[in-house]
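Read off the chains here:
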Amino acid sequence: MTATVQGSVSPFACLQVGEEQGIAKGIRNYVLQRRSSLAGSPVQLGAGRALQLAREAHTTRLRISCVASEPLSRAASEIPVTPKVIAEDVLDIASSIKYHAEYTPMFSPLKFELKQAYVATAQTVRDALIQRWNATYEHFQKSNPKQVYYLSMEFLQGRALLNAIGNLQLGDAYAEALQKFGYDLEAVAVQEPDPALGNGGLGRLASCFLDSLATLNYPAWGYGLRYKYGLFHQVITEEGQQEVAENWLELGNPWEIPRHDVSYPIKFFGEVIENESGKKKWVGGEDVQAVAYDVPIPGYKTKNTISLRLWSTTVPAQDFDLVSFNAGEHYKAAKALANAEMICDVLYPGDGSSEGKLLRLKQQYTLCSASIQDMITHFKLRAGNRFSWSDFSSKVAIQMNDTHPTLCVPELLRILIDVEGLSWEEAWRITQGTVAYTNHTVLPEALEKWPLDLMLKLLPRHVEIIKKIDEKFIQGLLLVNESSDKIELRKKIESMRVLENVELPDSVKDVFTVKVKEVKAITKPKPASKLDSVEGDDLGKIEKGKDAIKPPAVVRMANLCVIAGHKVNGVAAIHSEIVKEEVFNDFYKIWPEKFQNKTNGVTPRRWIRFCNPQLSKVITKWLGSDDWVLNTEKLAGLRKYVDNKELQKEWAHAKRLNKAKLATYIKEKTGVVISPDALFDTQVKRIHEYKRQLLNILGVIYRYKKMKELTAEERRAKYVPRVCLFGGKAFSTYVQAKRIVKLITDVGATINDDPEMRDLLKVVFVPDYNVSVAEVLIPASELSQHISTAGMEASGTSNMKFAMNGCILVGTLDGANVEIREEVGEENFFLFGAFAHEIADLRKERTEGKFKPDPRFEEAKDFIRSGAFGNFDYGPLLGSLEGNEGFGRGDYFLVGKDFPSYIEIQDKIDEAYRNQERWTKMSILNTAGSPKFSSDRTIHEYAHDIWGIKPLPVP
């Protein structure tokens, strides 16, 4: 029996009615309130679930009359407990908050402290999101549009409460409702932990994209993993960075909706069998279940609310070994469950061991397999009796956010061929028409390569499919290069194919059978009697020498993405050119139409409207409305007021308020007292050598040394007071990055305790940098450092956030810096350093011993060696900046080369900051020049140029 519920009414409106009919209505209303959190379709309810809900409704009825909470204020005690599905006025919101505080069993009912107030408020907001999510889901189901599915290993969301009520346009109403309970909205909001689902720019970009997709009414869903412990919580001690597990789920997550009926089987290991007709089947091995948890993503000023679907892994109860448990072998009994749950424990587990690599590969396959199965389920459900596989790529678009979701390609092929019975040709056509790939890096180590033997062990059927893709690609290359020199063609194939250090397929080996005389220019051959010909990979062995140790066979995931995807995009103009001209140049020559640029963007809702209300009020006043939040091009209208003294005064006042707020935060978190009168100079991002936090701190060290050489009066005259703020996590196994964190904290400890410095110079490492920290830090910053080695940063998005908030950038011509400088004006950007096209020659000069370090650079390093900042051994860190070549040597990231120009630009920054009127104008023009960097613009471009989707607003 199935009960279908329709309409929208207030839950519990009839629970006080004693008659049978009234109780039935009460149950129905309760169902409507809970329907999107049920384990089932949002609109269908089975008989068993209806009985469970009847019991819940009865229990709730009893609790209404018998459970008391801690006494509230008189005003709060008079608030009725009659929540509505959509609470928009102050009294309805307060009533819903009170209801959830008393009758949603997450905390003791005898308390209503800040944490309880947060959870009750979040559940009230979620009620509204559920209704909107249902409407959006049903609208998409009925309309059956083409929908994009965005796959990412991380989503760095940030706190949801203020963002959600801001998008719902209910901020003032919630603030007033909470005042009735004696609480401030901001104090309640900070109780929310940041979801530990991401780490850096990759995850934050994905979250910005979901916000824009919902706001712009595009049919879309996001897919990720529900990490229990995240990457890690960073603790800064005298020893530097320490890592502990995140605890964000310990008190529950009121935003997520468990979908216990939405689960898919995930297989690992096993073997592939083939029947008499040649059909393959993957059998045996280890099986787990991926269970869905939905997080609603509301759009701004729209009813559309989309899903971020997160997968958690478990096993059925029958996999618990009760016999072993009762025999005292408790760990053995729970092994299957532990292995399954481990998959979603930690984001980016260390991969220095084979076990770590195996776990990472399990994570990637779980994301891909569960998501692909879910997409196919949706596709079939929407198509109904009009179902046809030929329509799949016209209804489904898959965007792979970097190479982590690459296994979507062989998984989709596996399901289409092995499960659905399609031919290879048809399955390949569907796959290639569906998937697209965003490249986020030019760093070789970040272009993922998986050991072939590991993948063969874990995913044997997928390796067969990947080998076939590789073979088909090679055959295609041979067809278009028949007249090419065989040796050069062989090199080209080896650089482009999916498999590296693997023998050529038998079907193409004969093409590369060459006589010894054809390779004598490469190496001196053995006597002809012992070597008549060279076949297949033997040619490669000759080129490398007969005793060369063959490197391990690997699967190049980026190459697989480029071959399989119908579009490949970079994320900034300069990055996309590097992708075409260097990283994937051979592919670009074959398929130029595949390659595009989609410069990244950030959502202006979270990153200025909500995190910087002080500045937002000023902008709205001078532009005449808040339309700029949706149409950021209107920010350019600030340019015509840039010389207005009143605007300058209001702008500076907003910045001052934000600086005071950050100073309070810094004191609370670190104990360091900073002055809002100083220049706030910030570098916050993942700690990595190419991002060059080392260059920054060496510049601080040089500044400090020079200041110490002056009298107090001379210091005041020469130097602008400056607070140097750092933040970011070093990956737990990245030793050199952790040394950089240690150096920053040691320098800070020395400078901050030096009485001669006082407020002239402070250095603060802000611990556990995340979205919530950024929302305090970015609005207060006046100078932001984006100083990566030119050509190594794909785009960056923090540079966009800072510019949008009126912060002036100092940086190299790298990533999105290039376009930001063009938009805000060259005179409003502090540029230094080598250019991208110079880097290769500069590295070559270094290996040839031609580089001569600047004396100021040597002075800074020697100051560290003097012990001025403690006794820690910084030899390996400083050694990376010395020598001409070798592992961990030779200054690969050109810190020494760029140091002189970096020091000199600091003097220009000080000069500009002394003229506060000039600085304020520069700040205004940075905001006015930031419209291009809205993620709304980026998403419109993806939708039109890559996905082929159109807006579908809920009526």
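From a predicted model like this one, the values you see are computed outputs, not experimental measurements.

Here's the deal with the overall build of the protein chain
Phase 1 of the analysis: Along its length, the protein chain carries 39 helices and 26 strands.
Phase 2 of the analysis: When each of the 955 residues of the protein chain is scored for burial, the buried share is 58%.
Phase 3 of the analysis: Sequence separation of 24 or more characterises 76% of the internal contacts of the protein chain that already satisfy a separation of 6 or more.
Phase 4 of the analysis: With an accessible surface of roughly 38,500 Å², the protein chain has 52% of that area assigned to carbon and sulfur atoms.

So, the packing of helix α28 (residues 693-708) against helix α35 (residues 855-865)
Phase 1 of the analysis: Between α28 and α35, the shortest axis-to-axis distance is 9 Å and the interhelical angle comes to 85 degrees. Considering the angle they form, α28 stands roughly perpendicular to α35. Side by side, α28 and α35 meet where L698, I701, Y702, Y704, K705 and K706 of the first sit next to R856, F857, E859, A860, F863 and I864 of the second.
Phase 2 of the analysis: Classifying every residue of the contact of α28 with α35 gives eight nonpolar, no polar and four charged.

A closer look at the sheet that holds strand β15 (residues 499-500)
Phase 1 of the analysis: Strand order in the open sheet made by the three strands is β14-β18-β15, with antiparallel pairing throughout. Each having just a single partner strand, β14 (449-451) and β15 make up the two edges of the open sheet.
Phase 2 of the analysis: Contacts from helix α22 (residues 557-564) reach β14 and β18 (554-556) within the one sheet, and its direction differs from that of β18 by about 45 degrees.

Some thoughts on the nonpolar core
Phase 1 of the analysis: In this structure, W311, M455, I469 and W947 are the most contacted members of the largest nonpolar core, which totals 127 residues.
Phase 2 of the analysis: Looking at this core, the element that brings in the most residues is helix α13 (residues 354-383), giving 11 residues.

With respect to the sheet that holds strand β3 (residues 147-151)
Phase 1 of the analysis: An order of β7-β10-β11-β4-β3-β12-β13-β19-β20 is seen for the nine strands of this open sheet, with the pairing classed as mixed. The open sheet terminates on both sides in strands that have one partner only, identified here as β7 (257-268) and β20 (595-597). Mean inter-strand twist for the sheet, computed between neighbouring axes without regard to direction, equals 25 degrees.
Phase 2 of the analysis: Taken together, the nine bridges between β7 and strand β10 (residues 286-298) define a ladder with antiparallel strand orientation. Among the inter-strand pairings, P258 is bridged to a residue of β10, identified as Y293.
Phase 3 of the analysis: Where helix α9 (residues 201-215) meets the sheet, it contacts β3, β4 (220-225), β10, β11 (305-314) and β12 (396-401), and its direction lies at approximately 55 degrees from that of β10.

Observations regarding the pairing of β12
Phase 1 of the analysis: Counting buried positions along β12 gives six out of six residues, so the element sits mostly inside the fold.
Phase 2 of the analysis: Burial along β12 is two-sided: the residues V396, I398 and M400 and A397, Q399 and N401 are all buried.
Phase 3 of the analysis: Here β3 pairs with β12 via five bridges, running parallel. If you follow Y149 over to β12, its bridge partner there is I398.
Phase 4 of the analysis: Strand direction decides the pairing type here: β12 and strand β13 (residues 435-438), joined by four bridges, are parallel. Across the sheet, the residue bridging to N401 is T438, located in β13.

Details of the environment of A189
Phase 1 of the analysis: Counting through the fold element by element, A189 comes out in helix α8 (residues 185-189).
Phase 2 of the analysis: Residue classification places A189 among the buried positions, given a relative accessible area of 5%.
Phase 3 of the analysis: Separated by 30 residues in the primary sequence, A189 and R159 place their C-alpha atoms 8.0 Å from one another.
Phase 4 of the analysis: For A189, the residues in contact, after removing those within four places along its chain, are R159, L161 and L162.

Thoughts on the state of the cysteines
Phase 1 of the analysis: Scanning the model with the defined rule gives zero disulfides in all.
Phase 2 of the analysis: C561 forms no disulfide, and the closest cysteine sulfur to it belongs to C408, at a distance of 8.9 Å.

Some thoughts on the packing of helix α27 (residues 645-670) against helix α31 (residues 771-780)
Phase 1 of the analysis: At a closest axis distance of 8 Å, the pairing of α27 and α31 adopts a crossing angle of 135 degrees. With respect to α31, the element α27 is oriented oblique. For α27 against α31, the interelement crossing comes out left-handed. Contacts between α27 and α31 involve K655, N658, K659, K661, L662 and Y665 from the first element and V773, V776, L777, I778, P779 and A780 from the second.

Description of helix α30 (residues 735-752)
Phase 1 of the analysis: Spanning 18 residues, α30 covers 26 Å between terminal C-alpha atoms, matching the ideal 26 Å at 1.5 Å per step.
Phase 2 of the analysis: Taken as a whole, α30 has its buried residues at Q736, A737, I740, V741, K742, L743, I744, T745, D746, V747, G748 and I751.

Some points on the pattern of salt bridges
Phase 1 of the analysis: One pass over the full model with this rule turns up 63 salt bridges.
Phase 2 of the analysis: E420 is paired through a salt bridge with K380; the nearest N and O atoms lie 2.8 Å apart. Of this pair, E420 sits in the loop between α15 (408-419) and α16 (424-434) while K380 sits in helix α13; the two residues are 40 residues apart in sequence, bridging distant segments of the chain.
Phase 3 of the analysis: For K380, a relative accessible area of 32% translates into the label partly exposed.
Phase 4 of the analysis: The partner of E819 in a salt bridge is K932, and the shortest N-O contact between them spans 2.9 Å. Here the residue E819 occupies a position in helix α33 (residues 817-824), and K932 occupies one in the loop between α38 (916-928) and α39 (935-947), the gap between them amounting to 113 residues.

The rules behind the values
Residues numbered from 1 in each chain as written. Predicted model: local features only at pLDDT ≥ 70, side-chain atom pairs only at ≥ 80, totals over all residues. Heavy atoms only, no water. Helix = DSSP H or I, 4+ residues; strand = E, 2+ residues; numbered from the N terminus. Buried < 20%, exposed > 50% of the residue type's maximum accessible area, 1.4 Å probe, protein only. Contact = heavy atoms within 4.5 Å. Areas by Shrake-Rupley, 256 points an atom, 1.4 Å probe, with all protein chains shown as cover. Axes fitted to C-alpha atoms, helices over the stretch in contact; angles between N-to-C directions. Parallel < 35°, antiparallel > 145°, perpendicular 65-115°, else oblique. Nonpolar A, V, L, I, M, F, W, Y, C, P; charged D, E, K, R; others polar. Pairing = 2+ DSSP bridges. Core = buried A, V, L, I, M, F, W, Y, C linked by side-chain atoms within 4.5 Å. Disulfide = S-S within 2.5 Å. Left-handed = near helix turned anticlockwise from the far one by under 90°. Expected span 1.5 Å × (residues − 1). Salt bridge = Lys/Arg side-chain N within 4 Å of Asp/Glu carboxyl O.

The values reported here are purely geometric and, on their own, carry no functional implication.
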